[in-house]
Amino acid sequence: MSTPTKSFPFSPSPSCFSYALSPPIRTLFPSSSLFSPLPLQKLNVAANSAEKSNKLPLHFLGSQDSSLVQLNCSVLAISESSTNSFVDSGVMIFSLFREIGFNDIDTEALLDAHPVIKLSPFESIRTRIHSLQTLGVSGLSLSRLIVKRPDVLTAPEIDGVVCFLLEGDLELAGKIKPSQIEHLFNSTEPKFLAGFEAKVRLLLQLGITQETIVPVLNNVNLTKAFCLKSFEDIERMLTFLNRFGGVDLILRRPALLNYDLDAQLIPRVGFLLELSGGDETGTATVLHKLPFVVAYSVDHLKDHVEFLKSFAGLSEEEIFRIVLVYPNMFSASRKRKLHPRIDFLKQCGLSSHDIFRFLIKAPLFLSLSFEGNLAYKLVFLVKIGYKKNTKELAMAMGAVTRTSCKNMQEVIGVFLNYGLTCDDILEMSMKHPQVLQYNHESLEEKMDYLVEEMGREVGELLAFPAFLGYKLDGRIKHRYEEKKKILGEGMSLNKLLSVSAARFSTKSKRKQRVPAINGLDESDD
């Protein structure tokens, strides 16, 4: 009888399992002088007969072989019991896999390719599947995970991670995205899962709270951040990041934990630190504003700095001050944005120092789209009277970087509706370029108050366009009402609004006391 090649067909027969799983008959005979080994051919006959009758033929045994008959029957009974148990387990495995979306053909192929699954206790497999489903990995995700990583059902290292996520004191159950868990088990060899809990707890030692650790775990690559790094490497990384904001930095961009400390973080942060002249506080500010800056290679960062030094004539100190204001400068393409923008400023007659001052005030100019933004604004400015390739045009372009094209058009419309001409708008914007970036609705409210409540002429804005930059309720109305009691209607808009709050308050109190004192003197006389 030939041994079956598969562990079991879908409908296994007990006799097949009996033959496949029972030890060879000759191993049942002790090597004692009381027993004489039977020829192999006769043993095969005996085995075939035993499969049918559960007894050995007595004519093959001596008169002293009754105990052997009992022994053989006992062993065969155990073998049949084991076979039945194994058959039941096999049937239940197929049933279990049907429940999670496998058909029988796929299940059989999976078990053939990974026999460790069918050799594992059924209850262990079922418990593991249930745990994964409790973590949210179910349906197609679970099937996909098992196909790619069958050892997710049997590897002992999985238990530590599952228990930590389901039953740990951090109460993470139901809070970690299923996609994160699926990706963790899908992309990580089980041996690298060892120590996962201890590594995660290092974040708590750094100061990340139980509440904030959830968004961190949901926004990192768990394999790169924890599994592929040693405990010591994670400790070193957290110590390094602690110099530049630590907890706050990680919370702003958890993906920082994905990076390699020696190959990525230290060189990139070190470049910024060197550019700052060793200013750790300044470097921490840059990282806080744009943690993503560490995603850029040292070559990328160096390329931008060298361009600004050579083409714009800026010093490293000036460049870092610009970076401090606008770290996104490193996100702008050197060829498509930096070069044409700086070239425009140079054509407008700006010196290196002028370019530095311009970029400090209007750094967005470096990254805004030309076709979708700057080109439209440039057309508006030329239409109201700005001359091409002039410093005034450059300053106006800097001012309008903070507003949308639509709002800028609305602002110009408000001015025209109140009777101002393009020449008036040009004159105001050259004195106070910010008038073109104010919100058009707020601007209209202030002009209404100026004309209707204060009884002033719109033309007064030509002399003091900064009036439109003050808050209506917080400054304009308050000061006007206070001064109106003392000075009446005729008062300088400039003097009314430009003095500091402390000086305005002092002057108002002093002027209110003078009439009162004079009144007392007159009554005394």
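In this text the structure is predicted, and so the values were computed from the model without any measurement.

### Considering the packing of helix H16 (residues 280-289) against helix H18 (residues 316-325)
Part 1: The geometry of H16 relative to H18 is characterised by a closest axis approach of 8 Å and an angle of 40° between their N-to-C directions. If you check the angle between H16 and H18, you find them oblique. Listed contacts from H18 to Gly282, Thr283, Thr285, Val286 and Lys289 of H16 are Phe320, Val323, Leu324 and Val325.
Part 2: In the contact of H16 with H18, the residues fall into five nonpolar, three polar and one charged.

### Here's the deal with the environment of glutamate 392
Part 1: Following the sequence through the fold, glutamate 392 ends up in helix H22 (residues 391-399).
Part 2: Taking the C-alpha atoms as reference points, glutamate 392 and serine 429, 37 residues apart in sequence, are found 9.4 Å from one another.

### A few points about unusual backbone geometry
Part 1: Despite not being glycine, glutamate 171 shows a phi value in the positive range, around 55°.
Part 2: By secondary structure assignment, the location of glutamate 171 is in the loop between helix H8 (157-167) and helix H9 (178-187).
Part 3: For glutamate 171, a relative accessible area of 51% puts it in the exposed group.
Part 4: Within the chain, asparagine 389 stands out as a residue other than glycine whose phi angle is a positive 55°.
Part 5: Inspection of the secondary structure assignment puts asparagine 389 in the loop between helix H21 (370-383) and H22.
Part 6: Here asparagine 389 falls in the partly exposed class, since its relative accessible area comes to 46%.

### A few points about the environment of alanine 255
Part 1: Note that alanine 255 resides in the loop between helix H14 (247-252) and helix H15 (261-275).
Part 2: Residues alanine 255 and asparagine 219, spaced 36 residues apart in sequence, show a C-alpha to C-alpha distance of 6.5 Å.
Part 3: Not counting the four nearest positions on each side in its chain, alanine 255 is found in contact with Asn219 and Val220.

### Points about the packing of aromatic side chains
Part 1: For the coordinates displayed, the defined rule picks out ten aromatic pairs.
Part 2: Through a chain of ring-to-ring contacts, the aromatic side chains of Phe164, Phe196 and Phe226 assemble into a single cluster.
Part 3: Sitting over the face of the ring of phenylalanine 311, lysine 346 holds its NZ or CZ atom 4.0 Å from the ring centroid.
Part 4: The cationic tip of lysine 446 hangs over the ring face of tyrosine 438; the distance from NZ or CZ to the ring centre is 5.7 Å.

### A look at the packing of H15 against H16
Part 1: One can describe the packing of H15 onto H16 by two numbers: an axis separation of 9 Å at closest approach and a directional angle of 125°. In terms of axis orientation, H15 runs oblique to H16. Both H15 and H16 take part in a crossing whose hand is right-handed. When H15 is examined against H16, the residues Val269, Leu272 and Leu273 are found in contact with a partner set consisting of Glu280, Thr283, Val286 and Leu287.
Part 2: Taken together, the residues that form the contact of H15 with H16 break down as five nonpolar, one polar and one charged.

The rules behind these values
Residues numbered from 1 in each chain as written. Predicted model: local features only at pLDDT ≥ 70, side-chain atom pairs only at ≥ 80, totals over all residues. Heavy atoms only, no water. Axes fitted to C-alpha atoms, helices over the stretch in contact; angles between N-to-C directions. Helix = DSSP H or I, 4+ residues; strand = E, 2+ residues; numbered from the N terminus. Parallel < 35°, antiparallel > 145°, perpendicular 65-115°, else oblique. Contact = heavy atoms within 4.5 Å. Nonpolar A, V, L, I, M, F, W, Y, C, P; charged D, E, K, R; others polar. Buried < 20%, exposed > 50% of the residue type's maximum accessible area, 1.4 Å probe, protein only. Phe/Tyr/Trp six-rings, centres within 6.5 Å; stacked < 30°, edge-to-face > 60°. Lys NZ or Arg CZ within 6 Å of the ring centre and 35° of its normal. Left-handed = near helix turned anticlockwise from the far one by under 90°.

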